Amino acid sequence: MRTVVGACHHDCPDSCGWIVTVDDTTPTPTAVKLRGHPDHPFSQGELCPKVNRFLDRVYSPDRILTPLRRVGAKGEGRFEPISWDDALAEIATRLHDVIDTHGAEAILPFSDAGNQSTLALMGLSSRFFHHLGASLLDRTICGPTAGAGLAATIGTKLGADPLDVVHSQLVLLWGTNTRLTNRHLWPFIEQARANGARIVVIDPIRTLTAEGLDPSRGDRFVQPLPGTDTAMVLAMMHVLIRDDLVDHDWVAAHTVGFDELAAHVADWTPERAAAITGVDADVITELARDYGTTRPAMIRTLIGAEHHENGAMFFRTLSCLPALTGSWRERGGGYARSVGSWQDQLVDDHAVHRPDLLAGRTPRTINMSRLGEALEGRAEGGPVHALVVWSCNPLVIVPNSESVRRGLARDDLFTVVHEQFLTDTARYADIVLPATTQIEASDVVPAWGHLWMAWNEAAIPPVGESCSNTELFRRLARAMGLTEPSLFDDDDTLLRQAFPTVDLDALRRDGWMRVPFPDDGLPWADGGFPTPSGKVELASDRLERAGHPRLPTFVPPREGPHGDPELVARYPLQLMTPKHHTRFLNSGYSHLPKHGPAEGGPFVELDPADAAARGLSEGDLARVWNDRASLELPVRIGDRLRPGVVVVPYGWWSAHHPDGKVGNSLTNDTLTEWGGGVAFFDTLVEVAPA
Ligand SMILES: Nc1nc2c(c(=O)[nH]1)N[C@H]1C(S)=C(S)[C@@H](COP(=O)(O)OP(=O)(O)OC[C@H]3O[C@@H](n4cnc5c(=O)[nH]c(N)nc54)[C@H](O)[C@@H]3O)O[C@H]1N2
Ligand SMILES: Nc1nc2c(c(=O)[nH]1)N[C@H]1C(S)=C(S)[C@@H](COP(=O)(O)OP(=O)(O)OC[C@H]3O[C@@H](n4cnc5c(=O)[nH]c(N)nc54)[C@H](O)[C@@H]3O)O[C@H]1N2
Ligand code: SF4
Ligand SMILES: [Mo]
C-alpha cells in the first residue's frame, strides 16, 4: 500500500486536500481509500458528503470506459463501444467536413469547470480550437458578473482573504449559502463567533446557512425578495450618510464621486427600499447602523446573487459599502469574494491559450449561457454544425434547457462529448469519449475560496480506456493531421508554461503553497486601487461611457414582479433554482446510487400562502410552467420562502423528472446587463395542481 497526496478538482471554492491509499498488489494499481488530508490548511482533514464516496465514482459500474458510437436516436441513450482509433478517425473526418463545408466557426467548443484543475480547465483546448479557427466560447455562467460588478467600483476582481473573517466582529453572508456551498469556511466563521462576532445572512431563502444562525447571540436573517438587494444597499448608504457613519478621511483620500453618491441616495430612504425588497425599513436601518458602527465588518459573497438581469449592478453597489466606512483599513473588514483572482496572477495566459494561433482570424464568440440559441441556429454567424463538449453537462446546467435539447436533437449537428458518465448531454452525442477522474491525472489545482494552490498527484493509471482532457486534445490534433508543435506539448511542459514563476517541484513535494497576498492582509488600507483614478469609483465615468448608469442604480428585472406587467399577470411567482443538496455538486452526482436517492428527488417548494391559494398540499403533483416549459413536480410546503417565491432545486437530470425535463427548462437565459452572466433567478412561473 502507498499513499498519494492530491486535491479535489470540483468547481467548488474549497479545493480540499486529500490522501489516496493505493494497493499496488492488484493487477493494476487500485485506489482503496480516499480521505481528507489532515494537514491541509483550509480543509483540515474533512471532505464533504459529495466527495466522501469519491471512489464509488471512480469505480462506478456506470462509468464510461471505452469510446462509444451512438446507435439509437439522439437522446435515447443507445450506444455501442468502439476503438479509440475508429472514434478519432470518425471525429477527424466529420470536423474536416464541417470546416470544408461551413467554415471552422461552425465548430463550437463547449466546456466549463467540471474539473477546475489547471490542465483540465485550460490545458490544450484553446490552442487546438484557435489553430482550427473555431468559434470562441465565453465561459460566463459562474462568476464573471460578480467580478465585473466589483471591478466597476474598485477596478479589480481581487478582494480580501475570506479566512480573515476570523478577525471580524460582524460578518454579512450576502447571497452565499456558506454551510452548503463553502462548508470549510464555516469553522473560520465559528472562530470569529467565539471571539464575539455576529453573523447576518441576507438571502431570499432561509437556507441551511440561515438555519445555522443564533439570534440569541445577535445573529440575524434578512430575507429580501430576489433581485432587489440593490435597493436595500442604496438605502443602507442613505442611512450611513444621513447618520454620519462615514469614514470621511478615508473617503476623501481614496474615493471619487462621494458627493454625487450622497445626493443620489438622499431619496433612497429605508421606507422606499422596504417597498421594493419586502424587508422592513427598521431592519434596513438597523443593518446599516450595525455595519457602520461595528468594526471590523466583513462582507462575504460568492456567486448565486449574480444570477439576475441586474446582477453586476448589485455587486457594484454592494462594493461601495466598505469604501464608505473605510473598512478596507482593517483586517477582517473589506469585501471577500472569490479569491481565485489572486492565483490567476501567477498564470501566463498568453502561453496557455496562445491567441497567436488564431493567426489574425477573429472568430465569433458564443456566450455559453446562450447555447440553445446557438444550436437552434439563431446566433450571429450561422448555425453550429459540430459541438465538442468536455467537463460540462450543458443540457442540465444552461438556462432554457429545452432550447438546448432541441438544438442537440438536430440531425445535422455532429456532437462529441468527453465524459465520465452518460449524462443528459452525452446521450445526444454522436461519439462519447471516456474521461479520467481526478485521481488518474496529475495537475495543479487552484482555489477560489482560499489562497492555497495544490498539487494533485495521479494515484492510479487511467481506468479503462479513459484519458485526461489534455491527452484528448493531443489525440484529436494527431487524428486531424495537424502539425503545429505546441498542440502536442506534454503535461509537464504545459504546467511550466502556465506557471513560469512557480517552483512546481516544491509544490509537488509540499502538496500546496500559499499564493502571493499582502502579508498584513490589507490589500488597500491606504488606497491604491487599480481604477483609472486609483480610487474607489462611487460614480463611474467608465461605465457611463459604456452605456451604464453613472451611479449605482436599482433597475428592476424585466422578468420580475416589477418588470413586464403582462408577464407578471400570467406568471406571478419568482422561481429560484439554486444549489440545494449537500450530496450534489452541480449536475455531477444526482445519478449516483448513494447520492440521488438519499436526496429524495426534485420538487417544487412553496410558501403555505401560495400553496393554499392554489389548492396545493404537501406531496401533491403540481404543474410549474412559463412560456419556456412546463414541469410536473411533487409539492413541498415550508417556511423557508416569502410568499411570491418558489424553489425548484438544481442538479437533477431528465431521468429524475417525471416528465423528462430539468429545472433549467424553466429558467431565463437573458444575459446580465454586463459581465456576460445569465439571469437564472429572474424567472417567472405559475404553479397549479397537475
Ligand atoms: N453542495 C454544493 N456545493 C456547491 C455547489 C453545489 O452544487 N452543491 N456548487 C459550487 C458552485 S459551481 C458554486 S458557483 C458555488 C456557489 O456558491 P454560492 O454563491 O454560495 O451558492 P448559490 O446557491 O449559487 O447562491 C447563494 C445564495 O444566493 C441566494 N440568492 C440568489 N439571488 C439572490 C438575491 O437576489 N439576493 C440575495 N441576497 N441572495 C440571492 C440564493 O438563494 C442562494 O442561497 O457553490 C459551489 N459549492
Ligand atoms: N438553475 C441553475 N443552473 C445553474 C446554477 C444554479 O445555481 N442554478 N449554477 C451554475 C453554475 S454556478 C455552474 S458553475 C454550472 C456548473 O455546471 P457544470 O459545469 O456542468 O458542472 P459540474 O456538474 O460540476 O461538471 C460537469 C461535468 O464534468 C464532468 N467532469 C469532471 N471532471 C472531468 C474531467 O476531468 N474531464 C471531463 N471531460 N469531464 C469531467 C463531470 O462528470 C460532470 O458531468 O451550472 C450553472 N447552472
Ligand atoms: S466538492 Fe468541495 S467541499 Fe467537497 S471535497 Fe471537493 S472541494 Fe472539498
Ligand atoms: Mo459555479
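How each quantity is defined
- Residues numbered from 1 in each chain as written.
- Chains lettered and ligands numbered in written order.
- Predicted model: local features only at pLDDT ≥ 70, side-chain atom pairs only at ≥ 80, totals over all residues.
- Heavy atoms only, no water.
- Domains from an automatic or database assignment.
- Contact = heavy atoms within 4.5 Å.
- Buried area = accessible area lost by both parts, 1.4 Å probe.
- Salt bridge = Lys/Arg side-chain N within 4 Å of Asp/Glu carboxyl O.
- Polar contact = N/O pair within 3.5 Å; in protein donor to acceptor, adjacent residues only side chain to side chain.
- Nonpolar A, V, L, I, M, F, W, Y, C, P; charged D, E, K, R; others polar.
- Helix = DSSP H or I, 4+ residues; strand = E, 2+ residues; numbered from the N terminus.
- Buried < 20%, exposed > 50% of the residue type's maximum accessible area, 1.4 Å probe, protein only.
- Near = heavy atom within 4 Å.
- Pairing = 2+ DSSP bridges.
- Axes fitted to C-alpha atoms, helices over the stretch in contact; angles between N-to-C directions.
- Areas by Shrake-Rupley, 256 points an atom, 1.4 Å probe, with all protein chains shown as cover.
- Phe/Tyr/Trp six-rings, centres within 6.5 Å; stacked < 30°, edge-to-face > 60°.
- Lys NZ or Arg CZ within 6 Å of the ring centre and 35° of its normal.

Trainee: Would you mind going over the domain arrangement of the protein chain with me for this structure?
Mentor: In many reports, interface size means the accessible area that the parts give up when they come together. Segmentation of the protein chain into domains returns domain 1 (68–140 + 343–439 + 464–502), domain 2 (145–337) and domain 3 (565–689). Inter-centroid distance (C-alpha atoms) of domain 2 to domain 3 is 27 Å. Between domain 2 and domain 3, the contact holds 30 residues from the first and 28 residues from the second. For the pair domain 2 and domain 3, the summed buried surface comes to about 2,100 Å²; carbon and sulfur atoms form 58% of the total. Among the residues of domain 2 in contact with domain 3, Ile-205, His-307 and Glu-309 are the three that bury the most area, contributing 30% of the side total. Counting every contact that joins domain 2 to domain 3 gives zero salt bridges. Viewed at the interface, domain 3 and domain 2 are joined by 15 residue pairs in polar contact (both at pLDDT 80 or more). Split into classes, the residues belonging to the side of domain 2 that touches domain 3 amount to twelve nonpolar, 13 polar and five charged.

Trainee: Help me understand the environment of Asp-244, please; the structure alone is not making it clear to me.
Mentor: For Asp-244, the position within the fold is in the loop between α9 (229–242) and α10 (248–254). In this structure Asp-244 comes out as partly exposed when scored by relative accessible area, which is 48%. Note: C-alpha distance between Asp-244 and Arg-289 (45 residues apart in sequence) is 9.9 Å. At a separation of 2.6 Å, a polar atom in the side chain of Asp-244 contacts the side chain of His-248.

Trainee: Sorry if this is basic, but what is going on with the site of ligand 3 here?
Mentor: Close contacts around ligand 3 come from Cys-8, His-10, Cys-12, Asp-14, Ser-15, Cys-16, Leu-47, Cys-48, Lys-50, Val-51 and His-184, and that covers them all. Residue composition of the shell around ligand 3, grouped by class: six nonpolar, three polar and two charged.

Trainee: When you look at the sheet that holds strand β2 (residues 17–23) in this model, what are you seeing that I'm missing?
Mentor: The strands that make up a sheet are held in pairs by hydrogen bonds between backbone atoms, and each pair lies either parallel or antiparallel. Sheet architecture is open: three strands sit in the order β1-β2-β3, paired in antiparallel fashion. Either end of the sheet is taken by a strand with one partner, and the two such strands are β1 (2–7) and β3 (30–36). Between one strand and the next, the sheet's axes are offset by a mean angle of 30°, whatever the strand orientation. Examined bridge by bridge, β2 and β3 share six bridges and lie antiparallel to one another. Paired with Val-22 across the strands is Ala-31, a residue of β3.

Trainee: What is the right way to look at the site of ligand 1 in this model?
Mentor: In the vicinity of ligand 1 there are 31 residues, among which Thr-176, Asp-203, Asp-229, Phe-584 and Asn-586 approach most closely. In the environment of ligand 1, an oxygen atom lies 2.7 Å from a nitrogen or oxygen atom belonging to the side chain of Thr-176. Contact between ligand 1 and Ile-303: an oxygen atom at 2.8 Å from a main-chain N or O atom of the residue. Relative to its unbound accessible surface of 900 Å², ligand 1 loses 98% to contact with the protein. Residue composition of the shell around ligand 1, grouped by class: 16 nonpolar, ten polar and five charged.

Trainee: Is there a simple way to explain the packing of aromatic side chains in this structure?
Mentor: For any pair of aromatic rings, the description consists of the separation of the ring centres together with the inter-plane angle of the planes. For the structure on display, the rule yields 16 aromatic pairs. Between Trp-250 and Phe-529, the aromatic rings sit 6.0 Å apart at their centres with planes inclined by 85°, giving edge-to-face as the arrangement. Linking Trp-250 in helix α10 with Phe-529 in the loop between β20 (512–514) and β21 (536–537), this pair joins segments that are 279 residues apart in sequence. The class for Trp-250 is buried, based on a relative accessible area of 4%. Plain terms: the ring middles of Phe-584 and Trp-652 are 4.8 Å apart, the flat faces sit at 75° to each other, and that makes the pair edge-to-face. Taken together, the positions of Phe-584 in the loop between β22 (573–576) and β23 (604–606) and Trp-652 in the loop between β26 (645–647) and β27 (683–689) put the pair 68 residues apart, joining distant regions of the chain. With respect to class, Phe-584 is no different from Trp-652; both count as buried. Aromatic ring contacts, followed pair by pair, group Phe-128, Phe-129, Trp-390 and Phe-473 into a single cluster. When the ring centre of Trp-452 is taken as origin, the NZ or CZ atom of Arg-514, which lies over that ring, is 5.4 Å away.

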